[in-house]
Amino acid sequence: MATFFGEVVAAPSRAGVDDEEEEAAGEQREETPEDREIRRELGKKREVHILWNSKLSASTGSFTDEQFPCSKFILAIGHNSVAFLSSFVLNSGCWEAVGSVKLWNEWCRTSNTRSVLPTDAFCLFYKLISDPTVLLCQCNCYVAEDQQFQWLEKVFGCMREEDLQVTILSTCPVTDYKTPESTLTLPSPFLKALKTKDFKETICCPLLEQPNIVQGLPAAVLSYCQVWQIPAVLYQCYTDVIKLDTVTIEAFKPVLSSKNLKSLVKDMSRSGEILKKLVTTNEIHNNIYT
Amino acid sequence: MAARYDRAITVFSPDGHLFQVEYAQEAVKKGSTAVGIRGLDIVVLGVERKSVAKLQEERTVRKICALDDHVCMAFAGLTADARIIINRARVECQSHKLTVEDPVTVEYITRYIASLKQRYTQSNGRRPFGISALIVGFDDDGSPRLYQTDPSGTYHSWKANVIGRNAKTVREFLEKNYTEEAIATDKEAIKLAIRALLEVVQSGGKNIELAIIRRNQPLQIFSAKDIESQVAEIEKEKEESEKKKKKSI
């Protein structure tokens with residue numbers, strides 16, 4: 001029976017109860033122990049685990065119980081943002097790898113044997129040696145929607161959020177950018193920013209206009225920061241190249257002038273060399289276009 | 001709105017777009033840069049050489065191809081589509097010569113390629129060719145020609161043009177620097193092509209390939225050494241002009 005709102009509702013029948021139907025319906029309603037076991041195993045498989053290395057525990061005490069102080073959290077999501085931080089930030093200071101996030105979902109592929117990263121870890125955390133309250137995260141994997149809350153809880157749960165400022169870098173295909181102008185004339189790649197109410201610093205690019213929206217982990221982090229009143233800014237680069245690309249990576253350069261990152265970038269002399277190395281080692285020789 | 005009108009090639013959208021053709025133009029932007037310059041007695045084609053895999057034979061990755069003794073073409077976009085077009089154009093050049101006993105004019109072969117491309121924008125079950133081409137050469141009367149075609153099947157004659165990635169930047173450079181003096185001699189025209197490419201090509205001369213056709217001469221492809229020496233000359237001139245500017249200030 002269809003209601004006025006178009007939903008289909010099973011109407012009770014005055015013709016009597018059909019035993020077979022009732023049994024089948026009953027089975028569906030009750031979960032067998034087997035179903036529960038499968039659901040539990042699936043849930044366990046999709047759990048997000050954060051592994052901090054022993055150095056961090058030693059330096060800050062047993063911080064699995066305590067939270068460590070964090071003044072700056074810089075998060076790069078996607079391979080172009082990750083490569084940007086590797087070439088321009090990680091190489092111009094002394095950073096120490098302090099942890100990683102392990103997770104599994106349907107988008108995870110088998111590990112790339114040529115990759116420099118540990119084969120099982122997908123998000124890496126680095127701490128600045130000269131200022132241990134600065135934490136950097138390079139997230140190269142896809143965090144599924146059902147895992148984002150866990151990721152946020154576990155990552156932010158380890159940080160003391162007083163005076164915390166968050167900077168997020170991510171990329172998005174330019175075809176998702178909604179604009180009344182023709183997409184053929186868009187000067188991609190270009191940066192757009194979105195910030196929380198508590199973020200008062202100047203931003204280095206125009207704000208993202210409506211009706212554009214941000215999705216995925218960047219949106220989850222920004223929403224978390226908005227709810228918990230943490231100053232945060234997301235710099236999203238709209239690009240027409242899906243693979244690792246120097247032009248897209250260099251489009252993030254204006255971010256280096258932001259207050260959070262300015263103090264971290266001291267020596268950019270080797271950035272070009274590292275960028276070139278990253279792009280060439282990751283290049284899959286694509287002969288489709290010449 | 002685009003989502004409902006971009007699947008079939010033969011369907012116009014309500015505001016008159018053929019989305020598949022426009023998407024094919026996006027495929028062209030994925031190819032590396034190619035620039036064409038028409039001089040007085042020379043036509044020049046310069047392309048950004050794509051990096052070749054370590055085990056790949058370099059000479060099989062070519063963006064500049066001869067269509068006939070007096071016509072050659074550079075393309076940007078889908079490699080496989082370019083191969084088909086080049087093969088058809090080469091056959092047409094010879095067929096024309098045998099039938100009419102005259103070599104094709106540059107305009108004729110351009111029109112042939114453009115008509116081929118246009119046919120594929122109008123039949124269902126096929127997609128447009130994802131390449132733009134720069135066709136250069138000399139006609140029988142000795143006049144140099146440069147034409148450009150795109151996936152929609154349009155073609156136009158140009159004094160200088162560029163296709164592929166970063167085309168906008170290079171075109172702006174050419175609009176500023178293509179002058180009578182810049183193409184006065186063959187050498188200057190070649191330099192202009194290299195300077196245009198250096199605007200966007202990373203790591204200089206070793207990623208540039210250059211080909212020229214002079215009147216009544218066959219296609220000549222520059223060696224890497226020649227290109228490096230040209231690039232060195234251009235950089236020297238640039239330094240000297242900067243020194244002069246500083247002195248005058």
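Numbers given to residues run from 1 along each chain, matching the order in which its sequence is written. Labels follow written order: the first chain is A, the first ligand is 1, and so on. Where totals are concerned, whole chains, interfaces and linings use all residues; where local detail is concerned, this predicted model gives features only for residues with pLDDT of at least 70, and gives and counts side-chain atom pairs only at 80 or more. Side-chain numbers here rest on the full set of heavy atoms in the structure, without hydrogens or water.

- Per an unreviewed UniProt entry, chain B is named Proteasome subunit alpha type, and its organism is Platysternon megacephalum.
- UniProt positions are given in the numbering used here, feature names are shortened, and annotations may be inferred rather than shown by experiment. Annotation of chain B in UniProt includes, under Subunit (unreviewed entry), the sentence "The 26S proteasome consists of a 20S proteasome core and two 19S regulatory subunits."

- As recorded by an unreviewed UniProt entry, chain A carries the name Proteasome assembly chaperone 1 and is attributed to Mauremys mutica.
- Of the comments in the UniProt record for chain A, the one headed Subunit (unreviewed entry) reads "Forms a heterodimer with psmg2."
- Quoted verbatim from the Sequence similarities (unreviewed entry) heading of the UniProt record, the comment on chain A is "Belongs to the PSMG1 family."

**Description of unusual backbone geometry**
Okay, so step 1: Going from Gln210 of chain A to Pro211 of chain A, the amide bond is cis rather than trans, its omega being 0°.
Okay, so step 2: Secondary structure elements follow DSSP: runs of H or I of four or more residues count as helices, runs of E of two or more count as strands, with numbering from the N terminus. Relative to the helices and strands, Pro211 of chain A resides in the loop between strand 9 (190-195) and helix 6 (216-227).
Okay, so step 3: Positioned with a positive phi, Gln229 of chain A is a non-glycine residue whose angle comes to about 55°.
Okay, so step 4: Mapped onto the elements of the fold, Gln229 of chain A is located in the loop between helix 6 and strand 10 (232-239).
Okay, so step 5: One non-glycine residue with positive phi stands out, namely Glu101 of chain B, at about 65°.
Okay, so step 6: Among the secondary structure elements, Glu101 of chain B is positioned in the loop between helix 3 (79-100) and helix 4 (106-119).

**Describing the nonpolar core**
Residues and elements named next belong to chain A.
Okay, so step 1: Formed by 45 residues in total, the largest nonpolar core has its most connected members in Phe73, Trp151, Phe156, Val166 and Val221.
Okay, so step 2: Those residues in contact with Val166 that lie beyond four places of it in its chain are Phe73, Phe156, Val221, Cys225, Ile230, Pro231, Ala232, Val233 and Asn260.
Okay, so step 3: Formed by 34 residues, the second largest nonpolar core is a distinct cluster that contains Leu191, Cys237, Ala251 and Leu275. Side-chain atoms within 4.5 Å are what join buried Ala, Val, Leu, Ile, Met, Phe, Trp, Tyr and Cys residues into a set we call a nonpolar core. Each residue gets one of three labels from its accessible area relative to the maximum for its type: buried under 20%, exposed over 50%, partly exposed in between, using a 1.4 Å probe on protein chains only. Contact between two residues is taken to exist if any of their heavy atoms lie within 4.5 Å; hydrogens are not considered.

**Structural notes on the pattern of salt bridges**
Residues and elements named next belong to chain B.
Okay, so step 1: Salt bridges are counted wherever a side-chain nitrogen of Lys or Arg sits within 4 Å of a carboxyl oxygen of Asp or Glu. Applying the stated rule across the entire model yields 18 salt bridges over all chains.
Okay, so step 2: For Glu209, the salt bridge goes to Arg49, with nearest N and O atoms at 3.6 Å. With Glu209 in strand 9 (residues 208-214) and Arg49 in the loop between strand 2 (42-48) and strand 3 (64-68), the pair connects residues that are 160 residues apart, well separated along the chain. Exposure class is identical for Glu209 and Arg49. Each is buried.
Okay, so step 3: A salt bridge links Arg62 to Glu209; the shortest N-O distance between them is 3.2 Å. Within this pair, whereas Arg62 is found in the loop between strand 2 and strand 3, its partner Glu209 is found in strand 9, the two being separated by 147 residues in sequence.
Okay, so step 4: Given the relative accessible area of 33%, Arg62 is considered partly exposed.
Okay, so step 5: A relative accessible area of 4% means that Glu209 is categorised as buried.
Okay, so step 6: Put simply, Lys187, Lys191, Glu233 and Glu237 are held in one network by salt bridges that share partners.

**Details of the interface of chain B and chain A**
Okay, so step 1: Taken together, the contact pairs 19 residues of chain B with 10 residues of chain A.
Okay, so step 2: Across the interface of chain B and chain A, roughly 1,400 Å² is buried in total on both sides, 46% from carbon and sulfur atoms.
Okay, so step 3: On inspection of chain B and its partner chain A, the count reaches 0 salt bridges.
Okay, so step 4: Here a polar contact means two N or O atoms within 3.5 Å. Within protein one must be a hydrogen donor candidate and the other an acceptor candidate, and residues neighboring in sequence count only if both atoms are side-chain atoms. Here chain B and chain A share 5 residue pairs in polar contact (both at pLDDT 80 or more) between them.
Okay, so step 5: Contributions of two or more residues to the side of chain B that touches chain A are made by helix 2 (19-28) and strand 4 (71-77) of chain B. Note on definitions: buried area is the accessible-area loss of two parts on being combined, 1.4 Å probe, summed for both.

**Quick notes on the packing of aromatic side chains**
Okay, so step 1: Any two rings among Phe, Tyr and Trp, with Trp reduced to its six-membered ring, count as a pair given centres within 6.5 Å; such a pair is stacked if its planes are under 30 degrees apart, edge-to-face if over 60, and tilted if neither. Considering all chains together, one arrives at 13 aromatic pairs over all chains under this definition.
Okay, so step 2: With a centroid separation of 4.9 Å and an interplanar angle of 70°, the aromatic rings of Tyr177 of chain A and Phe190 of chain A are classed as edge-to-face. One end of the pair, Tyr177 of chain A, is in the loop between strand 8 (165-173) and strand 9; the other, Phe190 of chain A, is in strand 9, and 13 residues separate them in sequence. The two residues Tyr177 of chain A and Phe190 of chain A agree in class, both being buried.
Okay, so step 3: When the centroid spacing of 6.0 Å and the interplanar angle of 35° are considered together, the rings of Phe19 of chain B and Tyr23 of chain B count as tilted. Here the residue Phe19 of chain B and the residue Tyr23 of chain B both occupy positions in helix 2, the gap between them amounting to 4 residues, near one helical turn.
Okay, so step 4: By way of ring pairs, the aromatic residues Phe73, Phe156, Tyr224 and Trp228 of chain A are connected into one cluster.
Okay, so step 5: When the NZ atom of lysine or the CZ atom of arginine is within 6 Å of a ring's centre and also within 35 degrees of its normal, the charge is said to sit over that ring. One Lys or Arg, Lys45 of chain A, reaches over the ring of Trp104 of chain A and ends 4.2 Å from the middle of that ring.
Okay, so step 6: The ring of Tyr120 of chain B is capped by Arg126 of chain B, whose NZ or CZ atom sits 4.6 Å from the centre of that ring.

**Thoughts on helix 4 (residues 79-88) of chain A**
An α-helix turns once per 3.6 residues; consequently, residues spaced three or four apart project the same way.
Okay, so step 1: Counting buried positions along helix 4 of chain A yields 9 of 10 residues, so the element is predominantly enclosed.
Okay, so step 2: All buried positions along helix 4 of chain A are accounted for by Asn80, Ser81, Val82, Ala83, Phe84, Leu85, Ser86, Ser87 and Phe88 of chain A.

**A closer look at the packing of helix 5 (residues 167-177) of chain B against helix 6 (residues 186-198) of chain B**
Residues and elements named next belong to chain B.
Okay, so step 1: Where helix 5 meets helix 6, the closest approach of the two axes is 9 Å, and the angle between their N-to-C directions is 145°. With respect to the hand of their crossing, helix 5 and helix 6 are arranged in right-handed fashion. From helix 5, Val170, Phe173, Leu174 and Asn177 reach across to helix 6, where they touch Leu192, Arg195 and Ala196.
Okay, so step 2: By residue class, the composition of the contact of helix 5 with helix 6 is 5 nonpolar, 1 polar and 1 charged. In this analysis, axes come from line fits to C-alpha atoms, helices being fitted only over the stretch in contact, and the angle between any two N-to-C directions falls in the range 0 to 180 degrees. In this scheme the handedness of a crossing depends on how the near helix is turned from the far one: anticlockwise by less than a right angle means left-handed, clockwise means right-handed. The nonpolar class holds Ala, Val, Leu, Ile, Met, Phe, Trp, Tyr, Cys and Pro. Asp, Glu, Lys and Arg form the charged class, and all remaining residues, Gly among them, are polar.

**Here's the deal with the pairing of strand 1 (residues 49-52) of chain A**
Residue and element names in this part refer to chain A.
Okay, so step 1: Of the two faces of strand 1, the one lined by Ile50 and Trp52 is fully buried and the one lined by His49 and Leu51 carries no buried residue.
Okay, so step 2: Relative to strand 4 (residues 95-102), strand 1 is paired through 4 bridges, and the arrangement is antiparallel. Across the sheet, residue His49 finds its bridge partner in strand 4, namely Lys102. Two strands form a pair only when DSSP identifies at least two bridges running between them.

**What to know about empty space enclosed by the protein**
Okay, so step 1: Detection works on a 1 Å grid of protein atoms alone, calling trapped sets that fit a 1.4 Å probe cavities and calling open sets with protein on both sides within 12 Å along at least five of seven lines pockets, with lining residues defined by an atom within 4 Å of a point. Grid points are joined across faces, edges and corners, and a volume is the space filled by probe spheres set on the points. By the definition in use, this model includes 2 cavities of 30 Å³ or more.
Okay, so step 2: The volume enclosed by the largest cavity comes to roughly 50 Å³.
Okay, so step 3: Lining the largest cavity, in full, are Gln165, Thr167, Phe199, Glu201, Thr202, Val233, Tyr235, Ser258, Lys259 and Asn260 of chain A.
Okay, so step 4: Looking at the lining of the largest cavity, the elements with two or more residues in it are strand 8, strand 10 and helix 8 (259-262) of chain A.
Okay, so step 5: Looking at the lining of the largest cavity, its residues break down into 3 nonpolar, 5 polar and 2 charged.
Okay, so step 6: In this structure, the second largest cavity spans a volume of roughly 40 Å³.
Okay, so step 7: If you trace the second largest cavity, you find it lined by Thr290 of chain A together with Glu48, Arg49, Lys50, Val61, Lys63 and Glu209 of chain B.

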